[in-house]
Every structure is written in C-alpha cells, then in structure tokens.
Number of protein chains: 2
Amino acid sequence: MKMKVLVFFVATILAAWECHAYDMFPLRMNTGYGDRSTEMKCASWRLAVEAHNIFGFETIPKECVEPTKEYIHGGQYQSDSKTVNQQAYFYARELEVRENDVFLFSIDGTALSNVPYYSEHGYGVEKFNSTLYDEWVNKGVAPALPETLYNYNKLVSLGFKIVFLSGRLQDKEEVTKANLKAAGYNTWHRLILKDPKFIAPNALEYKSAMREKLMRQGYRIVGIIGDQWSDLLGHHTGDSRTFKLPNPMYYIE
Amino acid sequence: MKMKVLVFFVATILAAWECHAYDMFPLRMNTGYGDRSTEMKCASWRLAVEAHNIFGFETIPKECVEPTKEYIHGGQYQSDSKTVNQQAYFYARELEVRENDVFLFSIDGTALSNVPYYSEHGYGVEKFNSTLYDEWVNKGVAPALPETLYNYNKLVSLGFKIVFLSGRLQDKEEVTKANLKAAGYNTWHRLILKDPKFIAPNALEYKSAMREKLMRQGYRIVGIIGDQWSDLLGHHTGDSRTFKLPNPMYYIE
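This one's a predicted model, so the numbers in the text were calculated from it and none came from an experiment.

**Description of the pattern of salt bridges**
Part 1: This structure, assessed with the given rule, holds 24 salt bridges over all chains.
Part 2: Residue R93 of chain B pairs with E94 of chain B through a salt bridge whose shortest N-O separation is 3.6 Å.
Part 3: When the shortest N-O distance is used, the salt bridge between D108 of chain B and R168 of chain B registers 2.7 Å. Of the two residues, D108 of chain B is situated in the loop between β1 (101-105) and α5 (115-118) and R168 of chain B in strand β2 (residues 161-169); the sequence distance between them amounts to 60 residues. Take D108 of chain B and R168 of chain B: they sit in the same class, and that class is buried.
Part 4: Connected through shared salt-bridge partners, R98, D101 and R220 of chain A make up one network.

Right, here's the structure in full:
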C-alpha cells in the first residue's frame, strides 16, 4: 500500500509536468484546503466525467490508471452499470408498449464490453489507436456487458423493439452481428452502423441524425442507453429517457 | 464493522418492504450476478443521481444514510465539490471577460452549505419539512461550501459579475444577504430571490425564466454553478457551461 502511494505520488508529479489538456491538478493552484489521496481525486475525476463536468479528454490522468483498474475490476463498475440498467428497466416496465416503440442501445462500452481491450491499453491512459482497436473489434470476441444484457432481455420480454445504434462502420456489420449473437443478444429490430459516406462533425451529430431518421420512419424512441454523453445528448432524443452507463476510460465527442 | 454490515442488511430488508417510489432494489428482481455491499449499492445510487439517471426522489434510501454520512464527512464530498469548482475556474480563466458576463451561483447546497441542517435530519432520509428548513435558513448561520467560496473568489478576481439565483423567497432577502456576507461572499452584482407572486411549475422553470429575464436585460450568462439539475437544465442557459456540484441528500424538481 505504502509503495502504491509512493507510485501514485510520483505519477502525480509526472502528470502535473505533462500538463494535461483538462489540467486536473495544476501545481500552481494551491486550493489550500487539504491534500486529497489519489484514490479520492480519481474518484472525483470519474464522478465529474459521469456528471458531464469534465469532457473532451483524450486520455485519463496518469495517476488514475490504478484507481480506474480497481474501479473496473473491484465490483463498483459492475454495481454502477447494474443500477443504471435497473433504472432503465424500472422505467420501461411502467410503459404501455406500442407497435413502434424502440429502445436504442449503443454497442461498444454499452451492449458489448471493451474492458478486455482497455485492460491491455492502460484503461484509457494511452491515446486511442483506431488501428489496434479495429483489429480487436474484428476478432468479434467482445463479451456482453452483463448488466446491459440482463436489461436487454427484460426489455425484449416486455415487447420493446431493440435498435442498436453504433459508430462502428458498416464494413463491420458481419462481425458485429456475430459478436452480438455470441454475446447473447439474440434479436434486434435494426442494427444501425455508420455509412462511411455519411459526414458528421462528431458522434453526437451522427447519432442525432440517425435518431431523426428513425423518427421520420415512424418509430418512437422511448429509451436510449449508452456509455457516452454523445449517445444521449443532441437532438431527436424523442420522448425518451436516457440512461448514462459509466465509462471512466474514454470520451467520444 | 461487522455490526454495521448487519445493520445495513436489516435496513435493506426494511427499505425493500417499504417499497420506495424509485424502487431501488426490489426483492423480486434477482439480477443473478452477485450481491453488492450496501456501500457499493449506495455509491451506485449516488452516482446515478449525479449523472441524472435517478431523479425525482423524495428521500434517500434508508440503507444509504450511513454511507451518505460517510460520503459527506469522510472527505469525498469535499473532493468532489473541489473538482467541479476547479473545472469551473479552469473554464473561466480561459475566457475574455466582457462587461456583462455573469456567472450564476445557486445558494443552498452550492454557495452555502446546508449540511449542518441535513446532518440533523438523516442526510435526506426524512421527507423535506419546509417549516423546519425555513427556521434554520432564517437563523442565517449557514457556512460557505468552502470549495465554492474558493472558486467564487477566483471568478471575482477574474472580473466576472456574480449573480446569485435562488429559490428562496424574497422575504428571506435580509437574512440571505447577511448569511452570504458572514460566510465570506462579500460582493455580488445581483441577488435574485423568488417573488411569491411568480407562478412556476417547478424550480427548473423558475430558474429558466429568471435567466431569460437576465439575458433580456443584456447579461451574458457564461457559467452556471449549482447542486441541482434544475439549476442547470431547462432553457436560456445561454452560452454557458454548467457545473453540477454533488448533492446526495435531496432532489429539487
């Protein structure tokens, strides 16, 4: 433990020297109300990310690699994912299901876990490498996020249509279908992947545009479940409630 | 510790029997992937509140009283409040200050801490009692939330106009001014309290309407800092960034 604390302390200095974009703990800001442990600071960083007070980061703070690892594998991430999925189910079961009611699910980090990838890449401390990530995606070995799969099965049994809306490109359709089925997602109404010809400034605009298209086609979006704020903000969120799953490892604009 | 766990367990059963509105851990939902400790469940509940996945609750879960007390007094609440206020300052210091730029601050739970009140009332497990709360407010003894005061002083020194926008009624103007000054908030451009004749369905609409009025008066809202989502959502948030301070004790519509 003592050793860890020392490592964290050294990491803090390094991180400070590196001067991250979001400038989490600048040396020059002595707030003068006491030191915080690294675990505490990283828990605050994570909370600020989930409440959308911190966004647009390219990497997580160096000193937060260990706390993030502990968060992901120590049970709290699973518990947090469970609570959000429970809320989605508790909301859904009160609804009267109509013909064209759909629940939207994101895929990476929501329906399918990419923890196996990120655990090999510093839990978000490394800059995103699309080549390596695509290689991993193309293996089609992503496990389900168990809490999302559980909720998905509940929503299917309630009679809701499931639409997967992902930023994955259409060239990944086959591997995505196979991976979803292998992970236990046996049925869906639509699987929407990104047309490489579709130009959008960011994921938020792309997903908003796809939702708009769904609504023009007569679907009613009653719920959106995703791990990124760009899955949930933007326009054409319909009459839906949105559910933000935790993701302490990366941020998508 | 063992004893605590037992107490928590008993509390869980009671809470389940009581069947809370938001129905956090219904007995009939066996999610089948392991039990969670009460601390873990309550941390997930708190995160879900901060990420706006859980809202509209009248009381916190009975079993979460102890974990909330530990969160508030154990340093994490202070750390979380610090990180959010830091982010507001890091955002503000990059801005070019113009004549009519204002930062909005909420008062209760944001500028002034009401932890002294809630620590006497079960940290949110008791239903809100406006008579008792008003009695406490009228004493004018609320301390500053230290992290907010620190940020406030930074923003003042940057040259921003400060506007306090509160749901407190106008009959509390004198005690509110005195309390703010006693707590260290020495200057502000406007203090907006609620006109009892102003009819709004909820705090969100009231605060949106007050922001609209400010903007019509030529002010530019560059930042909003509050502990309730109703401080930050709604319309006329201007070009502002909003900053959600933690509040695990109560929810205002």
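**A closer look at helix α2 (residues 38-50) of chain A**
Residue and element names in this part refer to chain A.
Part 1: Taking 1.5 Å per residue as the helical rise, α2 with its 13 residues ought to reach 18 Å, and the 18 Å between its terminal C-alpha atoms agrees with that figure.
Part 2: With 11 of its 13 residues buried, α2 lies for the most part within the structure.
Part 3: Within α2, the full set of buried residues consists of T38, K41, C42, A43, S44, W45, R46, L47, A48, V49 and E50.
Part 4: The positive-phi residue at the C-terminal boundary of α2 is H52, with phi of around 60°.

**Some words on the nonpolar core**
Part 1: Counting residues in each nonpolar core, the largest one holds 82 residues, and the members touching the most others are F103, F164 and Y185 of chain A together with F103, F164 and Y185 of chain B.
Part 2: Beyond its immediate chain neighbours, meaning those up to four positions away, F164 of chain A contacts F105, S106, I107, A111, Y152, L180, Y185, W188, R190, L191 and I192 of chain A.

Definitions and cut-offs
- Residues numbered from 1 in each chain as written.
- Chains lettered and ligands numbered in written order.
- Predicted model: local features only at pLDDT ≥ 70, side-chain atom pairs only at ≥ 80, totals over all residues.
- Heavy atoms only, no water.
- Salt bridge = Lys/Arg side-chain N within 4 Å of Asp/Glu carboxyl O.
- Helix = DSSP H or I, 4+ residues; strand = E, 2+ residues; numbered from the N terminus.
- Buried < 20%, exposed > 50% of the residue type's maximum accessible area, 1.4 Å probe, protein only.
- Expected span 1.5 Å × (residues − 1).
- Core = buried A, V, L, I, M, F, W, Y, C linked by side-chain atoms within 4.5 Å.
- Contact = heavy atoms within 4.5 Å.

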